[in-house]
Amino acid sequence: MAERYAETGFTNGYEFTQGSGYVLPEYPFVEPPEIKSGAPGHHPIVIVGGGLAGLTLACAMARYQVPAVLLDEDNTVGVKGASSRGICYTQKSLEIFHRLGVYEPIAAKGIQWSVGRTFAGNDEVYSFDLRQQSAYNLSSQPPFINIQQFYIEAFLVDRIGQLGGVELRWNNRVTAFQQDDDGALLDITTPAGDYRIRADYVVDATGSRSPFRQWVGASVTAKKGDDRWCIADVRFTKHPPVERHTWVEAPFNENRAVWQHLMGDNVWRIDYQMAPNADPDQVSREDVVRERLSRQFGSDCEVEIVWVGPYAYRSECVDRMRHGRLFFMGDAAKVVSPFGARGGNTGIADADNLAWKLAAVMKGRAAPALLDSYHEERHEAAQQNVLVTNRTARFLRPADGVEKVFRTAALSRARQYVFARQLVNTGRMAIANPYTRSSACDRTGGQ
Ligand SMILES: Cc1cc2nc3c(=O)[nH]c(=O)nc-3n(C[C@H](O)[C@H](O)[C@H](O)COP(=O)(O)OP(=O)(O)OC[C@H]3O[C@@H](n4cnc5c(N)ncnc54)[C@H](O)[C@@H]3O)c2cc1C
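Per chain, the residues get numbers from 1 upward, laid out in the order the sequence is written. Residues qualify for local features only when their pLDDT is at least 70, as the model is predicted, and side-chain atom pairs are given and counted only at 80 or more; totals for whole chains, interfaces and linings, by contrast, use all residues. The side-chain figures draw on all heavy atoms in the structure; neither hydrogens nor water molecules are used.

Each pair of aromatic rings taken from Phe, Tyr and Trp, with Trp reduced to its six-membered ring, is defined by centres within 6.5 Å and is described as stacked if the planes are under 30 degrees apart, edge-to-face if over 60, and tilted in the remaining cases. For the structure on display, the rule yields 18 aromatic pairs. Plain terms: the ring middles of W247 and F252 are 5.0 Å apart, the flat faces sit at 80° to each other, and that makes the pair edge-to-face. With respect to burial, W247 and F252 carry one shared label: buried. Two limits define a charge over a ring: the Lys NZ or Arg CZ must be within 6 Å of the ring centre, and within 35 degrees of the ring normal. In this arrangement the basic side chain of R292 is found over the ring face of Y272, its NZ or CZ atom lying 5.0 Å from the centre. One cation-aromatic arrangement involves R407 over F395; the distance from NZ or CZ to the ring centre is 5.9 Å. Burial classification: accessible surface area is computed with a 1.4 Å probe over protein chains only, and a residue below 20% of its type maximum counts as buried, one above 50% as exposed, and the rest as partly exposed.

Structure, rendered in structure tokens:
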């Protein structure tokens, strides 16, 4: 897989273009029984993709004691050669992880934070403390935990192993999919040869470069901008406070935006907005990164660079999250910019939503029609998340003219007036999306 990414310059749709990456765990390839038998196997539920969404679903199926098979083309968690991508996990996701039995290791490894500060130039425009909000004590999980995404994925893999009943097949790449009234058929390629699986239901959790979109002819509403960022994951000798800091206009980054967050292992994620025409190789060169860091933290600050990588984002949403026996989930269903931590967190919510419905249907406790409510509920959430993140993206990279004038006015008023602070949009943090049009919640049964 690493070679494939090197060829295309892509990693799951985010344009990471360099980096040596963290050391990730590797899981063994086990020859699937179908290769020896030569006959296609039958599995009621097949999950394709062992990222955050696929593994959350697999873990939930194991917890419901509903058998499933998960296929992943890689032999590890995270993305080889890329940074951790996701870092910030919401209370809702933490509650789901608590139910699945992986909250404890996440809390032990991760960092809790509640104070956020937003700056423009040298001024603090506003700050918040989530502990002062009324909903703070409603959950036994904190508002957020920051942790590298691959740790969560690895905890899920371990938990699935403990629970049993769900088979994880590493180095199994799905190369074709078809479906009819009798079921779905998947072609899979492995280091030991190719084989086929028949399935009743298939979940596409292959991320933003999903091949299933093409296989089922899914229509996608998409938008690509020219906003460019460069991540520097670093360790410091002198620590900034454990708070989320965002600069809309950072004097040390040519008045472009900057994010600063702490993750596990004492690693800070510093994310710098680049000029739209920035050369990814130049902005991520070590001397250039170090110069940027010393402009921000002072030349006396000793910095260990853990990972550096430039990226661009896009915004996409499939128009239907269910196509017959196939369900789109996580980034396969929608891709959003990272602002507000809505990508992974909503993929986790997709998984949580589909899991209990699949379990109820497989156990004969609900009619298969219940599964339609997955599209109704999670597509509404996906559209909402695309809308919210697109608005943030436009605030952070406004077009010349009205958008720029609006931003300048919002920033100058926000220094003085409370009402204007709400207009400063550095990312609306992910929430549990409400559903307004679900047949599962319609007491009249859709009449
Ligand atoms: C810079 C950055 C910061 C981010 N920060 C956050 C954050 O703070 N919080 C947050 O919630 N989200 C964040 N995100 C978004 C988050 O990383 C993604 O939304 C999340 O990884 C999507 O998970 P997924 O399981 O849908 O897909 P992925 O994680 O992309 O997993 C897809 C899996 O499918 C497998 N696969 C692909 N094709 C096949 C195939 N044909 N056969 C078998 N397997 C296949 C791959 O090997 C991979 O394991 C961030 C993203 C970026 C780029």
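So, next bit.
Looking now at a nonpolar patch on the surface. The grouping of F406, Y417, F419 and L423 at the surface amounts to a nonpolar patch, some 400 Å² of accessible area in total. Along the chain, L423 turns up in the segment after α13 (418-421). The patches reported here contain residues having more than 30% relative accessible area and no salt bridge. Joining distances are 9 Å for like charges and 5 Å for nonpolar side chains (Val, Leu, Ile, Met, Phe, Trp, Tyr). A 1.4 Å probe and the Shrake-Rupley method give the accessible areas. Residues count as covered only by the protein chains that appear here. Definition used for salt bridges: Asp or Glu carboxyl oxygen within 4 Å of a side-chain nitrogen of Lys or Arg. By definition, any uninterrupted DSSP run of H or I lasting at least four residues is a helix, any uninterrupted run of E lasting at least two residues is a strand, and each is numbered from the N terminus.

With that settled, consider the nonpolar core. M61, I106, L186, V202 and F212 are the most contacted members of the largest nonpolar core, which totals 98 residues. The element contributing the most residues to this core is helix α3 (residues 52-63), with nine residues. Here, two residues are considered to be in contact whenever any of their heavy atoms come within 4.5 Å of each other. Those residues in contact with V202 that lie beyond four places of it in its chain are V46, V48, F177, A184, L186, F212, R325, L326 and F327. By convention a nonpolar core is built from buried Ala, Val, Leu, Ile, Met, Phe, Trp, Tyr and Cys residues, the set being connected through side-chain atoms within 4.5 Å. A250, L262, W268 and A278 belong to the second largest nonpolar core, which has 24 residues in total.

Glancing now at the site of the ligand. The cutoff for a nearby residue is simple: one of its non-hydrogen atoms must lie within 4 Å of the molecule or strand. What surrounds the ligand is a group of 34 residues, the closest being D72, R85, Q149, D331 and N345. Pairing of N or O atoms within 3.5 Å defines a polar contact, subject to two protein rules: one partner must be a possible hydrogen donor and the other a possible acceptor, and residues neighboring in sequence count only if both atoms are side-chain atoms. Contacts to the ligand include L52, whose backbone N or O atom sits 3.1 Å from an oxygen atom. V174 places a polar main-chain atom, nitrogen or oxygen, 3.1 Å from a nitrogen atom of the ligand. With the chains in place, 96% of the 1,000 Å² that the ligand exposes on its own is no longer accessible. Broken down by secondary-structure element, the contributors of at least two residues to the shell around the ligand are α3, β3 (88-90), β9 (173-180) and α10 (342-362). It is α10 that contributes the most residues to the shell around the ligand, three residues altogether. Note on residue categories: nonpolar means Ala, Val, Leu, Ile, Met, Phe, Trp, Tyr, Cys or Pro, charged means Asp, Glu, Lys or Arg, and polar means any other residue, Gly included. Tallied by class, residues from the shell around the ligand come to 15 nonpolar, 13 polar and six charged.

Fair warning: the whole summary comes from geometry, so function is off the table for now.
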